[in-house]
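# Close look at the chain arrangement
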Amino acid sequence: RVIVGTKVDQNHVNYVTAYNMLTGIRFTVSRINAKMDRELTPADFGAKHKFSFDISTGNELIPSAKYDFKFKDYAPWVFRHLRAKFRLDPADYLMSLTSKYILSELGSPGKSGSFFYFSRDYKYIIKTIHHAEHKLLRKILPEYYRHVEKNPNTLISQFYGLHRVKMAYGRKIHFVVMNNLFPPHRDIHQTFDLKGSTIGRDLQESDLERNPRATMKDLNWVRRNRYLQCGPAKRDFFVEQLKRDVELLKRLKIMDYSLLVGIHDVERGNEEKLRDKTLQVFQPGGDREDEASPNMLMRTPSKLENERKARELRMLIKRERPVPLDKAAAKMPEEILDERKYHVFYADDGGFRATHENGQPGEEIYYLGIIDCLTHYGTVKKLENFFKGLSNDRSQISPIPRRGITMSKEEAERRRQSRASNRQSGENRQSRS
Ligand code: ATP
Ligand code: CA
Ligand code: CA
């Protein structure tokens, strides 16, 4: 099933909400950016500021708006510093999220009821979140900040802002702005949402026939014998970062997150797009059994091609290497893209290029990140685990991967052969007895 991504225009049910979100972001981000930079204080993490947008008057502080609404901005100093750490250009961020260009809505609400909106250039995602997720993010913000500080290459979702909007007579809507892991200019041929659990983690292959771009899960990964093809340096670096990230999530008692893996097949390239340059393909809806992860087709902003060209030019001009974290980083790739060029895992054309054992580039680009990491292992989840545990092997429910996911082709082949020879010797033993 292919669903056409909804452009949030004036007729869209969520137009006013989206418009107000963008107006609020624009106002609060400009406001904090206008101030002289300073060091963070502990109080910055708990800070919140409320603004009233008024259709008729406006005042000397807040410009008059198209609609009446209230907007709350959380920890603006912290997020300003986070955006800088993630190397976003402040002007660029505002440009992408300007309310003149309304966003596209990604799919219908899933199990969690969250809505996803793309910025007009598809760089950013706005995700509406539950109050509990909002409270959790505020609580863990100092730890998250420290983690980002110590781990510039963290794979955990990059949060750029936390806000709340409330329309007259409407309910309060909390949302975060974060990075879109998938690039607008590359086809993602396969997507996996991996939790390291095999219970109920299967996308029916029949669903996949209907929609070849649907988001697959752990069992699909295992069944395909999939692995990320990395040489030793990249593998060590990736595994080390993943460990550190998961360690943090474990310490914060967060669960239900997944490693999102998008795979671009370099040989297949952008075939679909060559046929129709105006269409972009996205794969949202990881976990939605009922939604079967619809494939989205969206119009590309015409500016995109130009931006890509400009980027290519800039890339030719400055061929910088990503900041090395340790020895492994010294062997990291050197293909780099604007703000992403500093991030080891997002530096190869916005992603992480596969490599052969000998360091030669492989045939795939991986787009990776740990997403959906704002669910606390609270009472509800404890119960869920308990009930799942009644009927299934409890050891398989854990979100912590117990099986490596990176392997070089050579290593995979070695393992396959050793499995085969184990089987063989097992059969021999059996036939002897
Ligand atoms: P649930 O709680 O039911 O899993 P959710 O509403 O919390 O759903 P997520 O798990 O965060 O949603 O994301 C659902 C899907 O949306 C993912 O599987 C992925 O396909 C897409 N998605 C989410 N975040 C990103 C991102 N940062 N970049 C690209 N795609 C994303
Ligand atoms: Ca999820
Ligand atoms: Ca969720």
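Read on for a plain summary of the structure. (Residues numbered from 1 in each chain as written. Chains lettered and ligands numbered in written order. Predicted model: local features only at pLDDT ≥ 70, side-chain atom pairs only at ≥ 80, totals over all residues. Heavy atoms only, no water.)

### Considerations on the sheet that holds strand S6 (residues 116-118)
Across a sheet, paired strands are connected by hydrogen bonds in the backbone, their directions being either parallel or antiparallel. This is how the line gets drawn: Strands pair, by our definition, only if DSSP identifies at least two bridges between them. Put simply, DSSP marks the helices as runs of H or I at least four residues long and the strands as runs of E at least two long, and each gets a number from the N terminus on. Note on contacts: a residue pair qualifies if any of its non-hydrogen atoms lie within 4.5 Å across the two residues. Note on geometry: axes are C-alpha line fits, over the in-contact stretch for helices, and angles between N-to-C directions span 0 to 180 degrees.
Spatially, S2-S5-S6-S7-S9-S8-S4-S3 is the arrangement adopted by the 8 strands of the open sheet, whose pairing is antiparallel. At either margin of the open sheet sits one strand with a lone partner, and together these are strand S2 (6-7) and strand S3 (48-53). Taken together, the 5 bridges between strand S4 (residues 69-74) and strand S8 (residues 159-167) define a ladder with antiparallel strand orientation. Bridging across to S8, phenylalanine 69 finds its partner in methionine 167. Sheet strands touched by helix H1 (residues 15-33): S3, S4, S6, strand S7 (124-129), S8 and strand S9 (172-179). Its angle to S4, the strand with the most contacts, is close to 45 degrees. Against the sheet, helix H5 (residues 131-150) touches S3, S4, S7, S8 and S9, its axis set at about 150 degrees to S8.

### Examining the pattern of salt bridges
This is how it is decided: Within this document, salt bridges are pairs made up of a side-chain nitrogen of Lys or Arg and a carboxyl oxygen of Asp or Glu, the two lying within 4 Å of each other. Relative accessible area decides the class of each residue, using a 1.4 Å probe on protein chains only: under 20% of the type maximum gives buried, over 50% gives exposed, and in between gives partly exposed.
This model, assessed by the stated rule, comprises 17 salt bridges. Note that lysine 85 and glutamate 149 form a salt bridge whose closest N and O atoms lie 4.0 Å from each other. With lysine 85 in helix H3 (residues 76-85) and glutamate 149 in helix H5, this pair connects stretches of sequence that are 64 residues apart. Accessibility expressed as a relative area gives 35% for lysine 85, which makes it partly exposed. Since its relative accessible area comes to 45%, glutamate 149 is described here as partly exposed. Here aspartate 193 ties to arginine 201 by a salt bridge, and the two come within 3.1 Å at their closest N and O atoms. The exposure classification of aspartate 193 matches that of arginine 201, with both residues buried. Sharing partners across several salt bridges, the network here consists of Asp202, Glu205, Arg223 and Arg224.

### What to know about the environment of leucine 248
The residue leucine 248 is located in helix H8 (residues 232-251) in this model. Among the residues examined, leucine 248 registers a relative accessible area of 3% and is labelled buried. On a C-alpha basis, the gap between leucine 248 and isoleucine 156 in space is 9.8 Å, while along the polypeptide they are 92 residues apart.

### Here we look at the coordination of the calcium ion (ligand 3)
So the rule is basically this: For Na, K and Ca the donor cutoff is 3.2 Å, while for all other metals N, O and S atoms count as donors only within 2.8 Å; water does not appear among the atoms, so some sites may look incomplete.
For the calcium ion (ligand 3), the full set of protein donor atoms is Asp372 (OD) and Asp372 (OD), at a range of 2.5 Å. Separation of the calcium ion (ligand 3) from the calcium ion (ligand 2) amounts to 4.4 Å, with aspartate 372 serving as a shared donor to the pair. Summarising the element assignment, aspartate 372 is placed in the loop between strand S18 (361-371) and strand S19 (375-376).

### Observations regarding the packing of H3 against H5
The criterion, for reference: Here roughly perpendicular refers to angles of 65 to 115 degrees, roughly parallel to angles under 35, roughly antiparallel to angles over 145, and oblique to all remaining angles. Left-handed describes a crossing whose near helix is turned anticlockwise from the far helix by less than a right angle; the clockwise case is right-handed. For this classification, Asp, Glu, Lys and Arg are treated as charged, while Ala, Val, Leu, Ile, Met, Phe, Trp, Tyr, Cys and Pro are nonpolar and the rest, including Gly, are polar.
Where H3 contacts H5, the two axes come as close as 11 Å, and the packing angle between them is 20 degrees. Relative to H5, the element H3 is oriented roughly parallel. The element H3 and its partner H5 pack so that their crossing is left-handed. Judged by residue contacts, Val78, Phe79, His81, Leu82 and Lys85 of H3 engage Leu141, Tyr144, Tyr145, Val148 and Glu149 from H5. Among the residues forming the contact of H3 with H5, the class breakdown is 7 nonpolar, 1 polar and 2 charged.

### Things to note about the pairing of strand S10 (residues 190-194)
Our working rule: When the strands point away from the viewer and the connection leading from the first strand across the helix to the second strand turns clockwise, the crossover is called right-handed.
The buried count for S10 comes to 4 of 5 residues, which makes it a mostly enclosed element. Note that S10 and strand S14 (residues 258-265) share 5 bridges and pair antiparallel. Each residue of the ladder has a partner; that of threonine 191, found in S14, is glycine 262. Of the strand pairs in this sheet, S10 and strand S11 (residues 215-216) are connected by 2 bridges, and their pairing is parallel. By the bridge assignment, threonine 191 is partnered in S11 with threonine 215. A crossover links S10 with its parallel partner S11, the connecting element being helix H6 (residues 205-210), and its sense is left-handed.

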